[in-house]
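Structure at a glance
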Amino acid sequence: MSTPATHPTVVHDTPIGRLSLSASDAGITRVRFRATATDAPSVREAGPAGAWQWLDQARRQLDEYFAGTRTRFTVPIDLSRLDPERRAVLEALAHGVEHGETTTYGALAAAVGLTGDGPRRVGVAMARNPVPILVACHRVIGADGRLTGYAGGLGVKRALLDLEGRDRRPAQLALSFT
């Protein structure tokens, strides 16, 4: 799915490679791995003024995160285009698993009330997370503690977990959403 033309996009260099960041007036809408210089214009084109503010803030916060001085992102995230289930899973992750912690697909499913194939549905939500790193799907691991798929690749997932000092037990989520 491509980002609408009304959502300004920038490319940002990080220690894990180039990221493409897009935003609406409400917040960051997309973070993509392996961006190229052609993914974003070299000059600020028309778009919502607030979007440029969020892009600048996201770039600063990503730099701080990779420098080890930021443990929580405060830039607004715009998940308004997501279906309610996927949004609930991502919000539970964003608000329930802190920097340096991990959780499992099953624990996250239980936290949002997904039963049966809930862990698989959480896996789908993680695979389709439009804002990785900012909503830290790299913190979700297999029930056996193994790393599982990640849009940026397992090497990037490991690097992000190592950056956060992840050698702690998985978080047990105790969230309620009404």
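The notes below deal with the structure included here. (Residues numbered from 1 in each chain as written. Predicted model: local features only at pLDDT ≥ 70, side-chain atom pairs only at ≥ 80, totals over all residues. Heavy atoms only, no water.)

We now examine the pattern of salt bridges. This structure, assessed with the given rule, holds nine salt bridges. Among the ionic pairs, R18 bridges to D13, the shortest N-O distance being 2.8 Å. The exposure class assigned to R18 is partly exposed, which follows from its relative accessible area of 33%. Members of the salt-bridge network, linked through shared partners, are E85, D117, R120 and R121. (Salt bridge = Lys/Arg side-chain N within 4 Å of Asp/Glu carboxyl O. Buried < 20%, exposed > 50% of the residue type's maximum accessible area, 1.4 Å probe, protein only.)

Over the atoms, a rolling probe the size of a water molecule traces out where space has been left empty. Roughly 380 Å³ of volume is contained in the largest pocket. As for the largest pocket, its lining consists of 19 residues, of which R72, F73, A94, H95 and L134 are closest to the centre. Across the lining of the largest pocket, the residue classes tally to 12 nonpolar, three polar and four charged. (1 Å grid on protein atoms, 1.4 Å probe; cavity = no way out; pocket = protein on both sides within 12 Å on 5 of 7 lines; lining within 4 Å. Points joined across faces, edges and corners; volume = space filled by probe spheres on them. Nonpolar A, V, L, I, M, F, W, Y, C, P; charged D, E, K, R; others polar.)

This part takes up helix α2 (residues 84–96). Taking 1.5 Å per residue as the helical rise, α2 with its 13 residues ought to reach 18 Å, and the 17 Å between its terminal C-alpha atoms agrees with that figure. Buried within α2 we find R86, V89, L90, A92, L93 and G96. Buried positions in α2, seen along its axis, are confined to an arc of 155 degrees and lie on one side of it. Within α2, the exposed residues directed more than 90 degrees away from the buried face are P84 and H95. (Helix = DSSP H or I, 4+ residues; strand = E, 2+ residues; numbered from the N terminus. Expected span 1.5 Å × (residues − 1). Arc of directions from axis to C-beta.)

You can see E91 is positioned in helix α2. Judged by relative accessible area, which is 31%, E91 ranks as partly exposed. In the structure, E91 is positioned 21 residues away from V112 in sequence and 9.6 Å away in space, judged by C-alpha atoms.

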